[in-house]
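Spelled out, the chains give:
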Protein chains: 2
Amino acid sequence: MYIENLCSAAKEAEIEIAQLSTKIKNQILLKSAKALLDNMENILKINEIDVKNAKENGVKAAFIDRLTLTPDRIKGMAQGLEEIAALNDPVGEFLYGKTLPNGLIIQQKRVPLGVIAIIFESRPNVTADAFGLCLKSGNAVVLRGGKEAINTNIAIVKIFKDVLKECGVNENAVQILEDTSHETANKLMKAHKYVDVLIPRGSARLINSVIENSTIPCIQTGIGNCHIFVDENGKIEDAINIIINAKTQRPGVCNAVETLLIHKNIAGNILPELGKQLIAKNVEIRGDETVNQYIPTSLKATEEDWATEYEDYIVAIKTVENIDEAIKHIGTYGTRHSECIITENYTNAQKFLNEIDAAAVYVNASTRFTDGGQFGFGAEIGISTQKLHARGPMGLKELTTTKYVIMGNGQVRE
Amino acid sequence: MYIENLCSAAKEAEIEIAQLSTKIKNQILLKSAKALLDNMENILKINEIDVKNAKENGVKAAFIDRLTLTPDRIKGMAQGLEEIAALNDPVGEFLYGKTLPNGLIIQQKRVPLGVIAIIFESRPNVTADAFGLCLKSGNAVVLRGGKEAINTNIAIVKIFKDVLKECGVNENAVQILEDTSHETANKLMKAHKYVDVLIPRGSARLINSVIENSTIPCIQTGIGNCHIFVDENGKIEDAINIIINAKTQRPGVCNAVETLLIHKNIAGNILPELGKQLIAKNVEIRGDETVNQYIPTSLKATEEDWATEYEDYIVAIKTVENIDEAIKHIGTYGTRHSECIITENYTNAQKFLNEIDAAAVYVNASTRFTDGGQFGFGAEIGISTQKLHARGPMGLKELTTTKYVIMGNGQVRE
């Protein structure tokens, strides 16, 4: 009954949230931002407990880093809410409208999705982002964060619930699962009676579990085994700059590059210098035989490397016969996130753009640009790698659906 | 391996289908229409086998009717394909484009979904519709029809495969499951490695089975427990005309009305005449106590009636205190398909349009208009009652997704 009660309360709140004016929603967002800052000391104290527990459980350093809040990170969360308040409200927009010959007026109106559940892992700032984006788009949200951040997440949600209450709005518009067991997460995935959309944010394992188990329509996000293919006549210097950026500017994120495909005819021109620069940035290189020849310190790549999203200072490199082999390789191992070709050949650029099946396809630019902020959408709730509903960075608009509004004066169908 | 082979062949064909020019796609559609007519005699002969088997298995008359092909129905299928050829090709449209301050060009392009699987029941004309709509939108399609129509469906798909071959196009762009067992259908629902989207068309039982079992993103279609609420000051004559149309013009379809909600203050004004007209059209009435009083031949409605999509000459009628009770009833029992208010009160009309959560919300018109053809979209693949991706009648555009196409000249992220 725990999940049922939590989700049905969110469903009830949603009816109210869907009808809130933009003005009230912005007030709630700005008050929430202020409340985060006002409660900073308390949040930091509670976060220390989570961090201490995680350390005692021997969790990895990168994980501890994502879990740890600092005054700057809390300021960042508050600023994020203020930025969401400044974005246009997508709800109520009319996308389409016409009058039929019989006088019937048909219009398509943008409306909230309803109740959105988000299952995420360690970073507590997702709690604030998700609340802000869901509220602004008129949705109620049910959050299930990782068990390591549970005390922090509860404290943050408590602040938002207090602001909602203070504004006279149903506080169940934001819910957090205090029970972080797998059993309860699995029950949440089956709550299609109350939850309209489920968004998993995290590892491939989490996302696969959701695909297997959820009865709620899902939006898959964020698995990025991204490729850069350097074509025979790509500009070598640009290629190296783009690769270094896409691999090392922030290796732990989904739009970082993981495998490089190098046209065999330019292997000798690019690999020695590329290898030198990657090694200077502490990137481990795993390559095929040709790569091992040109970059003597590189390791031997295995089949598994082509399929791996490292999210780390590691890159796989493979030489290919031609663009067709590159496209085929990406089709086999890619995760439909962000894929790039470096080329000066017009026909090959068009071929790559047309034939690669991915959320974002690039010519001569870093894959790191696949991001709601970079695309100019404001904040994002994730990057969809599926084809239904939304593909690529998802902002406020992607948290809405539409309904047809039809006005008549007695029309019947003949 | 059966499903894997069938679906992976469709996936391979899809790469080719996605790139076909509109001209070639239209040629295939027109040749397919002609081939249906040329093979009419053969199709009818094979359909007779299916009909004979179904009759021997004691299948209901309405089912036999949907299963049976006639020269006119085959002409209708051919005409449907010609109409799809005449529709605009949605593939390749650019929805959005801008140049970022750093010179990066970002554009959003409409592309096919990929491989679409459709699970449907008795009507063999779905085979032609689905093939036509999927082909025109650049998708490969895997069809799983009901076991009763299997010989007819195989014969029709064979005709389309022959046309594809004749046009030099991969014939696996249309696949039919010759094995119609439930086990194989369940395997199809798990083939997310090859199938991008699954569309179930049929009974609530089929759709619930898909929700429970599918690992492929789904679009739910067509469950319609639709309501008409006659408000206190609705025009009585219009209300009766609209109700008679919505209930009896074609009772077996999803946009027909199933439950009427009557404001208690006008029960005496509308129920006697409404009852008379419904009974004259052979509609069975199941009502609450007030309804039973005003329409003496009406039966007593049970809780189950409020939740039932009859798809038949039966209607449930309930009197309500006010619009709030009507909205609450629809929220509890509705299936988010098509809902209507009959009113002259501006505030109530707006309230109903805003607060009812459904694909189509009506003021003063028959729910029977929720239809791709009526909305002017051309043919439809179904009516989505879910919120992700598409809501309401789905035409060609709803069988596409988008991708971001990004063109740079060496840009890296700072």
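Residues numbered from 1 in each chain as written. Chains lettered and ligands numbered in written order. Predicted model: local features only at pLDDT ≥ 70, side-chain atom pairs only at ≥ 80, totals over all residues. Heavy atoms only, no water.

A. Quick look at the overall build of chain A. Counting its regular elements, chain A contains 16 helices and 16 strands. The C-alpha atoms of chain A give a radius of gyration of 24 Å, which matches the 22 Å a tight globule of 414 residues would have. Each principal axis of the C-alpha atoms in chain A carries an extent, and together these give about 70 × 70 × 35 Å. Buried positions account for 58% of the 414 residues belonging to chain A. The long-range share in chain A, meaning contacts at least 24 apart out of those at least 6 apart in sequence, stands at 72%. Of the accessible surface of chain A, which amounts to about 16400 Å², a share of 48% is contributed by carbon and sulfur atoms. Seen as two clouds, the 45 positive and the 52 negative side-chain charges of chain A have centres 4 Å apart. (Helix = DSSP H or I, 4+ residues; strand = E, 2+ residues; numbered from the N terminus. Rg over C-alpha atoms; globule rule 2.2 N^0.38 Å. Buried < 20%, exposed > 50% of the residue type's maximum accessible area, 1.4 Å probe, protein only. Contact = heavy atoms within 4.5 Å. Areas by Shrake-Rupley, 256 points an atom, 1.4 Å probe, with all protein chains shown as cover. Lys, Arg positive; Asp, Glu negative; His and termini not counted. Charge placed at Lys NZ, Arg CZ, Asp CG, Glu CD.)

B. Representation of unusual backbone geometry. In this structure, A:Glu311 takes a positive phi of about 50° despite not being glycine. Owing to a relative accessible area of 37%, A:Glu311 belongs among the partly exposed residues under this scheme.

C. Region of interest: the environment of A:Ala246. Residue and element names in this part refer to chain A. Secondary-structure assignment places Ala246 in helix α10 (residues 236–248). Taking the C-alpha atoms as reference points, Ala246 and Arg368, 122 residues apart in sequence, are found 5.6 Å from one another. Aside from chain neighbours lying at most four places away, what touches Ala246 is Ile228, Ala256, Val257, Ser366, Thr367 and Arg368.

D. Geometry of the packing of helix α3 (residues 40–56) of chain A against helix α7 (residues 150–166) of chain A. Residue and element names in this part refer to chain A. Where α3 contacts α7, the axes come no closer than 7 Å and their chain directions differ by 160°. By the angle between their directions, the pair α3 and α7 is classed as roughly antiparallel. Taking contact as the criterion, the partners of Ile43, Ile46, Asn47, Ile49, Asp50 and Asn53 in α3 are, on α7, Ile150, Asn151, Thr152, Ala155, Ile156 and Ile159. Tallied by class, residues from the contact of α3 with α7 come to seven nonpolar, four polar and one charged. (Axes fitted to C-alpha atoms, helices over the stretch in contact; angles between N-to-C directions. Parallel < 35°, antiparallel > 145°, perpendicular 65-115°, else oblique. Nonpolar A, V, L, I, M, F, W, Y, C, P; charged D, E, K, R; others polar.)

E. Region of the structure containing the UniProt feature "coiled-coil region" (unreviewed entry) in chain A. Mapped onto this structure's residue numbering, the UniProt feature "coiled-coil region" (unreviewed entry) falls at residues 3–57 of chain A. Each end of residues 3–57 of chain A is marked by a C-alpha atom, and these two atoms are 28 Å apart; helix forms 89% of the span and strand 0%. (UniProt positions renumbered as here; feature names shortened; annotations may be inferred.)

F. Spotlight on the UniProt feature "domain: Aldehyde dehydrogenase" (unreviewed entry) in chain A. UniProt's feature table lists "domain: Aldehyde dehydrogenase" (unreviewed entry) at residues 3–278 of chain A, given in the numbering used throughout. Annotated as 52% helix and 16% strand, the span residues 3–278 of chain A places its first and last C-alpha atoms 48 Å apart.

G. Broad picture of the interface of chain A and chain B. The interface of chain A with chain B comprises 69 residues on the first partner and 69 residues on the second. Between chain A and chain B lies a buried interface of about 5800 Å² when both sides are counted; carbon and sulfur atoms form 53% of it. When the area that chain A buries against chain B is broken down by residue, the three leading residues are A:Leu388, A:Tyr404 and A:Arg413, summing to 15%. The interface formed by chain A and chain B contains four salt bridges. Across the pair B:Asp371 and A:Arg413 runs a salt bridge whose closest N-O atoms are separated by 4.0 Å. The element best represented in the side of chain A that touches chain B is strand β16 (residues 400–411) of chain A, accounting for eleven residues. Of the residues in the side of chain A that touches chain B, the class split is 31 nonpolar, 25 polar and 13 charged. Note that β16(A) and strand β13 (residues 360–365) of chain B share five bridges and pair parallel. Directly across from A:Ile406, in β13(B), lies its bridge partner B:Tyr362. (Buried area = accessible area lost by both parts, 1.4 Å probe. Salt bridge = Lys/Arg side-chain N within 4 Å of Asp/Glu carboxyl O. Pairing = 2+ DSSP bridges.)

H. The sheet that holds strand β3 (residues 115–120) of chain B, seen in detail. All names here are of chain B. The strand order β5-β4-β3-β6 describes an open sheet built from four strands, whose pairing is parallel. A strand with exactly one partner marks an edge of an open sheet, and here the two such strands are β5 (174–176) and β6 (197–201). Neighbour-to-neighbour, the strand axes of this sheet turn through a mean angle of 20°, independent of strand direction. On the sheet, helix α7 (residues 150–166) packs against β3, β4 (140–144) and β5 and is oriented at approximately 155° with respect to β5. Along the sheet, helix α9 (residues 204–213) makes contact with β3 and β6, crossing β6 at roughly 155°.

I. Local environment of the state of the cysteines. Tallying each qualifying case throughout the model produces zero disulfides over all chains. Distance from the sulfur of A:Cys167, which forms no disulfide, to the nearest cysteine sulfur (A:Cys134) is 18 Å. Its relative accessible area of 22% is what places A:Cys167 among the partly exposed residues. Free of any disulfide, B:Cys226 has its nearest cysteine sulfur in B:Cys254, 6.9 Å distant. (Disulfide = S-S within 2.5 Å.)

J. Representation of the packing of aromatic side chains in the model. A complete count under the given rule lists ten aromatic pairs over all chains for this structure. Look at A:Phe377 and B:Tyr404: their rings are 6.1 Å apart centre to centre, the planes differ by 45°, and that puts the pair in the tilted class. Of this pair, A:Phe377 sits in the loop between α16 (372–375) and β14 (382–384) while B:Tyr404 sits in strand β16 (residues 400–411), on two different chains. Like A:Phe377, the residue B:Tyr404 is buried in the burial classification. Considering the side-chain rings of B:Phe131 and B:Phe160, the 4.3 Å spacing of their centres and the 10° angle between planes classify their relative orientation as stacked. Taken together, the residues B:Phe131 in helix α6 (residues 125–136) and B:Phe160 in helix α7 connect sequence positions 29 residues apart. Taken as a pair, B:Phe131 and B:Phe160 share a single burial class, namely buried. By the ring-pair criterion, three or more aromatic residues cluster together here, those being A:Tyr96, A:Tyr404, B:Phe375 and B:Phe377. (Phe/Tyr/Trp six-rings, centres within 6.5 Å; stacked < 30°, edge-to-face > 60°.)

K. Here's a closer look at helix α8 (residues 182–189) of chain A. Residues and elements named next belong to chain A. Every buried residue of α8 is accounted for by Thr184, Ala185, Leu188 and Met189. Within α8, the buried residues cover an arc of 150° as seen down the axis, which keeps them to one side. Facing away from the buried side of α8 by more than 90 degrees, the exposed set consists of Glu183 and Lys187. (Arc of directions from axis to C-beta.)

L. Local environment of the pairing of β13(B). Residue and element names in this part refer to chain B. Taking burial as the measure, the six residues of β13 include six buried ones, the bulk of the element. Across four bridges, strand β12 (residues 338–342) lies against β13 in parallel orientation. Following the sheet pairing, Cys340 is matched in β13 by Tyr362. The parallel pair β12 and β13 is bridged by helix α15 (residues 346–355), and the resulting crossover is right-handed. (Right-handed = clockwise from strand over helix to strand, strands pointing away.)

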